[in-house]
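Listed here are the chains, written in short residue letters.
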Amino acid sequence: MARRKKVYEGKAKILYEGPEPGTLVQYFKDDATAFNAEKRDVIEGKGVLNNRLSEFFMTGLNTIGVPTHFIKRINMREQLIRSVEIIPLEVIVRNYAAGSMAKRLGMEEGAALPRPIVEFSYKDDSLGDPLVPEEYIIAFGWATQQDLDDIVALALRVNDFMSGVMYGVGIKLVDFKIEIGRIWDGDFMRLVVADEISPDSCRLWDVKTGQKLDKDVFRRDLGNLTDAYTEVAKRLGVMPTNVTHATKPTLIN
Ligand code: TMP
Ligand code: ASP
């Protein structure tokens, strides 16, 4: 088989040229990083789990009319996606104080926020993805005011969907990060949810015990990351088989 052309390699995923113009293949690696790649490890099976979980969330979003880049899963580690122009922002939605917000404001982790809060970070690892106000985003031309209004509306719909789905399986959605892409159709532009939605990019706490089931397990050395993600996948009914030895791609219909 001819080698596919690699378009981009990030910390947790690789993008290859897709079979048709306007498509890409997104490959999920087992690499885990935190603190802007200062901490890194290879967690066997993580990519397989995130591929399934991101498929599950993106499919659900597509179904309820929240547009995403996701087309279909191809095999254990790969999915077919629409090629988008990524807006260089991390769009973060918070329902409870945690992580950088808790630290910045001296809040106790887990404190309920008065309403969901949407914030933006500029996507640049070398700068540590700094929090940026809307003024910066508009002034530097990363997005327009109209884009930002649309992005906030999208992010809040993702939050409602994800919160409901997770609460249904006894998990609290504390916060999450999404990325937004632009798809151009001539002069017409659409904003879609891109990248991935997985326990790498969410904080997920068991409702009853408060146990962390997300990447904080890795960031804070709280135990086995694969076990935590497996628990999420099991509860959602998307547990893949042969997670740890899934090196050979299996084609699905
Ligand atoms: P934070 O509290 O560290 O700012 O993180 C907020 C949410 O965003 C949390 O669910 C983890 C996620 N996140 C990412 O997906 N990528 C990142 O680079 C960072 C810093 C956070
Ligand atoms: N994604 C970032 C990194 O890989 C930070 C994080 O998720 O904690 O370094």
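Everything in this summary refers to the structure shown in the same document. (Residues numbered from 1 in each chain as written. Chains lettered and ligands numbered in written order. Predicted model: local features only at pLDDT ≥ 70, side-chain atom pairs only at ≥ 80, totals over all residues. Heavy atoms only, no water.)

Topic: the overall build of the chain
Test applied: Secondary structure elements are defined from DSSP: runs of H or I of at least 4 residues count as helices, runs of E of at least 2 residues count as strands, and each element is numbered from the N terminus. Accessible area is worked out with a 1.4 Å probe on protein chains only. A residue is then buried under 20% of its type maximum, exposed over 50%, and partly exposed in between. Here a residue-residue contact requires only that any non-hydrogen atoms of the pair lie within 4.5 Å. Only the protein chains shown count as cover for residues, and all accessible areas are computed by the Shrake-Rupley method using a 1.4 Å probe. In this count, Lys and Arg are taken as positive residues and Asp and Glu as negative ones, while His and the chain termini are left out. For the purpose of locating charges, the reference atoms are NZ of Lys, CZ of Arg, CG of Asp and CD of Glu.
Helix and strand content of the chain: six helices and 13 strands. Along the first, second and third principal axes, the C-alpha atoms of the chain reach 55 × 50 × 35 Å. For the chain, the residues scored as buried account for 50% of the 253 residues in total. Contacts spanning at least 24 positions in sequence make up 58% of the contacts within the chain whose residues lie at least 6 apart. Accessible surface, the chain: about 12800 Å² in total, of which carbon and sulfur atoms supply 52%. Here the chain contributes 34 positive and 37 negative side-chain charges, whose respective centroids are spaced 4 Å apart.

Regarding a negative patch on the surface
The test is simple: Patch criteria: residues need more than 30% relative accessible area and no salt bridge. Like-charged residues are merged within 9 Å; nonpolar side chains of Val, Leu, Ile, Met, Phe, Trp and Tyr are merged within 5 Å. For this analysis, a salt bridge means a side-chain nitrogen from Lys or Arg found within 4 Å of a carboxyl oxygen belonging to Asp or Glu.
Among the surface-exposed residues, E134, E135, D149 and D150 lie close enough to one another that they form a single negatively charged patch. Of all elements in the fold, only α3 (134–139) and α4 (145–168) reach the threshold of two or more residues within the negative patch. Looking at where E135 falls in the secondary structure, it is placed in helix α3.

Comments concerning the packing of aromatic side chains
To keep things clear, this is the line we draw: Stacked, edge-to-face and tilted are the three classes for Phe, Tyr and Trp ring pairs, Trp counted by its six-membered ring, which pair at centre distances within 6.5 Å; planes under 30 degrees apart are stacked, over 60 edge-to-face, the rest tilted. Two conditions define a charge sitting above a ring: the NZ of Lys or the CZ of Arg must be within 6 Å of the ring centre, and it must be within 35 degrees of the ring normal.
Under the defined criterion, the tally for this structure stands at four aromatic pairs. With a centroid separation of 4.2 Å and an interplanar angle of 10°, the aromatic rings of Y122 and W142 are classed as stacked. With Y122 in strand β10 (residues 112–122) and W142 in the loop between α3 and α4, the pair connects residues that are 20 residues apart, well separated along the chain. Relative accessible area serves as the criterion here: at 21%, Y122 is assigned to the partly exposed category. On the numbers, 6.2 Å between centres and 80° between planes, the contact of Y136 with F140 is edge-to-face. We classify Y136 as partly exposed; its relative accessible area is 43%. What links up through ring pairs into an aromatic cluster is the set Y122, Y136, F140 and W142. Between the NZ or CZ atom of R4 and the centre of the ring of Y16, over which it lies, the distance is 4.2 Å.

Digging into the pairing of strand β9 (residues 89–96)
How we decide: Whether two strands pair comes down to DSSP finding at least two bridges between them.
With seven of its eight residues buried, β9 lies for the most part within the structure. Bridge count between β9 and β10: seven bridges; the pairing is antiparallel. Within β10, the residue paired with L89 across the bridge is Y122.

Here we look at the packing of helix α1 (residues 46–63) against α4
Two quantities define a packed helix pair, namely the angle between the axes and the distance from one axis to the other. How we decide: Note on geometry: axes are C-alpha line fits, over the in-contact stretch for helices, and angles between N-to-C directions span 0 to 180 degrees. If an angle is under 35 degrees, it is roughly parallel; if it is over 145, roughly antiparallel; if it lies from 65 to 115, roughly perpendicular; otherwise it is oblique. Working rule for handedness: look at the near helix, and if it is turned counterclockwise from the far one by less than a right angle, call the crossing left-handed; if clockwise, right-handed. We call Asp, Glu, Lys and Arg charged. Ala, Val, Leu, Ile, Met, Phe, Trp, Tyr, Cys and Pro are nonpolar, and the rest, Gly among them, are polar.
Relative to each other, α1 and α4 sit at 125°, their axes nearing to 11 Å. With respect to their mutual orientation, α1 and α4 come out oblique. The crossing of α1 and α4 is right-handed. Together, F56, F57, G60 and L61 of α1 and V158, F161, M162, V165 and M166 of α4 make up the contact between the two elements. Its residues assigned to classes, the contact of α1 with α4 comprises eight nonpolar, one polar and no charged.

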